[in-house]
Amino acid sequence: MNQQQQVPPSLPWQQQQQLQEQIQQSERNLAAQHHVLMQQQQLQVEEAIRKSQDEKLHILAKDCGLDLMDADRIMQPIIDSCTKDSISTGKGWIFSRGISANSAEVIARYMVKRITALGASFELKLHLVYLINDVLHHCVRKNAEDLKRVLGMYVVPIFCTTCLGASEDQQQKLSKLLKLWEMNKYFEPSVIEQLKSPASSLAAYKAGLISEHSIAVNPITASIQTQYAVLQKQHQDFVNHITSQLQSFASQNAGAKHAQPLPLPVSSQQPAEAPLQQPPLQTQSQNTQVFAPPIGGVQQHLSISDNSTMGPTATSDGTQQLNNIGTNQNVNFSQPPPGFLPHFSQPPPHFSQPPPGFPPAFQQPPPNFNQLPASTMVMPPFCPGNESREQLTVFIC
């Protein structure tokens, strides 16, 4: 029987699937972390831009001599109820303060701050847009081109922020207002087109703010990119580790398929066949008995001459001898005679003593077996448990 060559154990298919799933899970985790980092970056950037805008607004307001707290007091009734009186009061305050381009820019920046503030309600945004609409109408009547031009510079974030998140009914109100602006030509055609696409126009506006406030934005983006690079490297290291394991097991499996089994070395000597053993004979006592085949059974199957007899005969000196069997008969002494079934239930005799009935003459030392006559047959008995094995000599006369 050949022994197969030992091959490295293959990775179970279920474990391979688990490793692949771990890689996919790591990719999903990295994508989720990237999404969270982008949200954090957006919030931090917007907050930094808002802070920078507030600082610039306060500087411009201080230069123009405008009190922003006074602006809050005037705008609050419009935000709350948006009545004609509140709109008229607010319009009067704007025209009385926005007499120059710098002051008009302060007012426009203030309106952007209130509308784009976090948590601003749609009513706040819509009511302030109504105020701007009334101011634009009055600018045309009063020929206040500077104020109308400055409002045109900041109307995109104001109107587009108001449109985003509005309901269908609210969208209809804003659409009517936009058609009125387009019909009265309050703004340039390019500005009107931007107002018709609020989402893309607002994104472009925010991108412009990032460039404008790059000094405040760049440290934030650099920090977020560094954090993501660390997470990305951890993910890549994990993927490389799992991939190397899969490739290692794949190469081992490929080598195992091409490996040929190595046969065991065959000995040049054939193992010796075990000698046939006769069943042990049962020992009953110290006096052993030798069971001989029945005389009649042998005589029925052997052709014996008239002058020959079979069986032991007693001599005049009291000894027994085995009678001569006709030598002209071809008898196979390696097998029992026909019709003879030996009885092996008795134990083998104890050959250190003569069998019962034999005189002491047989207690002499056995003859030299190296010089036995040709007519002598030696049968080695099997005596279990006895290391010394003697020979049973049967003389055939």
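Let me begin by describing the structure that accompanies this report.

Reading the values: rules and limits
- Starting afresh in each chain, residues are numbered from 1 along the sequence in its written order.
- In view of the model being predicted, local features appear only for residues whose pLDDT reaches at least 70, and side-chain atom pairs are presented and counted only at 80 or more, with totals across whole chains, interfaces and linings using the full set of residues.
- For the side-chain quantities, the full set of heavy atoms in the structure was used; hydrogens and water were omitted.
- What makes a salt bridge here is a side-chain nitrogen of Lys or Arg within 4 Å of a carboxyl oxygen of Asp or Glu, nothing more.
- Going along the chain from the N terminus, every DSSP run of H or I of four or more residues is numbered as a helix, and every run of E of two or more is numbered as a strand.
- Burial status follows relative accessibility: with a 1.4 Å probe on protein chains alone, a residue under 20% of its type maximum counts as buried, one over 50% as exposed, and anything between as partly exposed.
- Fitting a line to C-alpha atoms yields each axis, with helices limited to the stretch in contact; the angle taken between N-to-C directions then spans 0 to 180 degrees.
- Under this scheme an angle from 65 to 115 degrees is roughly perpendicular, one under 35 degrees roughly parallel, and one over 145 degrees roughly antiparallel; angles in between are oblique.
- Left-handed describes a crossing whose near helix is turned anticlockwise from the far helix by less than a right angle; the clockwise case is right-handed.
- In what follows, residue pairs with any heavy atoms lying within 4.5 Å of each other are defined as contacts.
- Residues belong to a common nonpolar core when they are buried Ala, Val, Leu, Ile, Met, Phe, Trp, Tyr or Cys residues joined through side-chain atoms within 4.5 Å.
- Starting at the helix axis, one direction is taken to each C-beta atom, and the arc is that of these directions.
- Polar contact criterion, stated in full: a pair of N or O atoms within 3.5 Å, where within protein one must be able to donate a hydrogen and the other to accept it, and residues adjacent in sequence count only if both atoms are side-chain atoms.
- For this analysis, a ring pair means two rings from Phe, Tyr or Trp (six-membered ring only for Trp) whose centres lie within 6.5 Å, classed as stacked if their planes differ by under 30 degrees, edge-to-face if by over 60, and tilted for the remaining angles.
- Gly counts as polar in this scheme, as do all residues outside two lists: the nonpolar Ala, Val, Leu, Ile, Met, Phe, Trp, Tyr, Cys and Pro, and the charged Asp, Glu, Lys and Arg.

### Describing the pattern of salt bridges
Close approach of charged atoms allows side chains of opposite charge to pair.
Phase 1 of the analysis: One pass over the structure, following the stated rule, counts 13 salt bridges.
Phase 2 of the analysis: Ionic pairing is found between Arg97 and Asp70, a salt bridge with its closest N-O pair at 3.5 Å. Of this pair, Arg97 sits in helix α3 (residues 84-97) while Asp70 is found in helix α2 (residues 68-80), placing the two residues 27 residues apart along the sequence.
Phase 3 of the analysis: Residue classification places Asp70 among the buried positions, given a relative accessible area of 16%.
Phase 4 of the analysis: Ionic pairing is found between Lys196 and Glu182, a salt bridge with its closest N-O pair at 3.3 Å. Of this pair, Lys196 sits in helix α8 (residues 189-196) while Glu182 sits in helix α7 (residues 168-184), and the two are 14 residues apart along the sequence.
Phase 5 of the analysis: With relative accessibility at 41%, the residue Lys196 sits in the partly exposed group.
Phase 6 of the analysis: Through salt bridges with shared partners, a single network forms among Asp70, Arg73 and Arg97.

### Describing the packing of helix α6 (residues 145-163) against helix α9 (residues 198-212)
Phase 1 of the analysis: Remark: α6 packs on α9, axes separated minimally by 9 Å, with the N-to-C direction vectors making an angle of 130 degrees. Accordingly, the angle class assigned to the pair α6 and α9 is oblique. Considering the relative orientation of α6 and α9, their crossing is left-handed. Counting all contacts with α6, which are made through Val156, Pro157, Cys160, Thr161 and Cys163, the residues of α9 involved are Pro198, Ser201, Leu202 and Tyr205.

### Regarding the nonpolar core
Phase 1 of the analysis: Met75, Trp181 and Leu195 are the most contacted members of the largest nonpolar core, which has 55 residues in total.
Phase 2 of the analysis: Those elements that place two or more of their residues in this core are α1 (13-64), α2, α3, α4 (101-115), α5 (122-142), α6, α7 and α8.
Phase 3 of the analysis: Those residues within four positions of Trp181 in sequence are excluded, and the remaining contacts are Val129, Asn133, Leu136, Val155, Phe159, Tyr186, Phe187, Ile192 and Leu195.
Phase 4 of the analysis: In this structure, Ala48, Leu209, Val217 and Ile220 belong to the second largest nonpolar core, which totals 6 residues.

### Digging into α8
Phase 1 of the analysis: Burial in α8 covers these residues: Val191, Ile192 and Leu195. Along α8, the residues classed as buried sweep out an arc of 100 degrees about the axis, all on the same side.
Phase 2 of the analysis: Residues of α8 that are buried sit in contact with α6, α7 and α9.

### As for the side chain of Ser103
Phase 1 of the analysis: In this structure, Ser103 sits in helix α4.
Phase 2 of the analysis: Reaching out from Ser103, the side chain makes a polar contact with the backbone oxygen of Arg97 at a distance of 3.1 Å.
Phase 3 of the analysis: Those residues in contact with Ser103 that lie beyond four places of it in its chain are Cys64, Leu66, Arg97 and Gly98.

### What about the packing of aromatic side chains?
Phase 1 of the analysis: Per the counting criterion, the structure on display carries 2 aromatic pairs.
Phase 2 of the analysis: Each ring, one from Phe159 and one from Trp181, has its centre 5.5 Å from the other, and the planes form 55 degrees; the classification is tilted. Of the two residues, Phe159 is situated in helix α6 and Trp181 in helix α7; the sequence distance between them amounts to 22 residues.
Phase 3 of the analysis: When its relative accessible area of 2% is taken as the criterion, Phe159 is described as buried.
Phase 4 of the analysis: With relative accessibility at 1%, the residue Trp181 sits in the buried group.

### With respect to the packing of α5 against α6
Phase 1 of the analysis: Where α5 meets α6, the closest approach of the two axes is 11 Å, and the angle between their N-to-C directions is 155 degrees. Accordingly, the angle class assigned to the pair α5 and α6 is roughly antiparallel. Pair α5 / α6 crosses with left-handed handedness. Contacts between α5 and α6 involve Phe122, Lys125, Leu126, Val129, Ile132, Val135, Leu136, Cys139 and Val140 from the first element and Leu147, Lys148, Leu151, Ile158, Thr161 and Thr162 from the second.
Phase 2 of the analysis: Of the residues in the contact of α5 with α6, the class split is 11 nonpolar, 2 polar and 2 charged.

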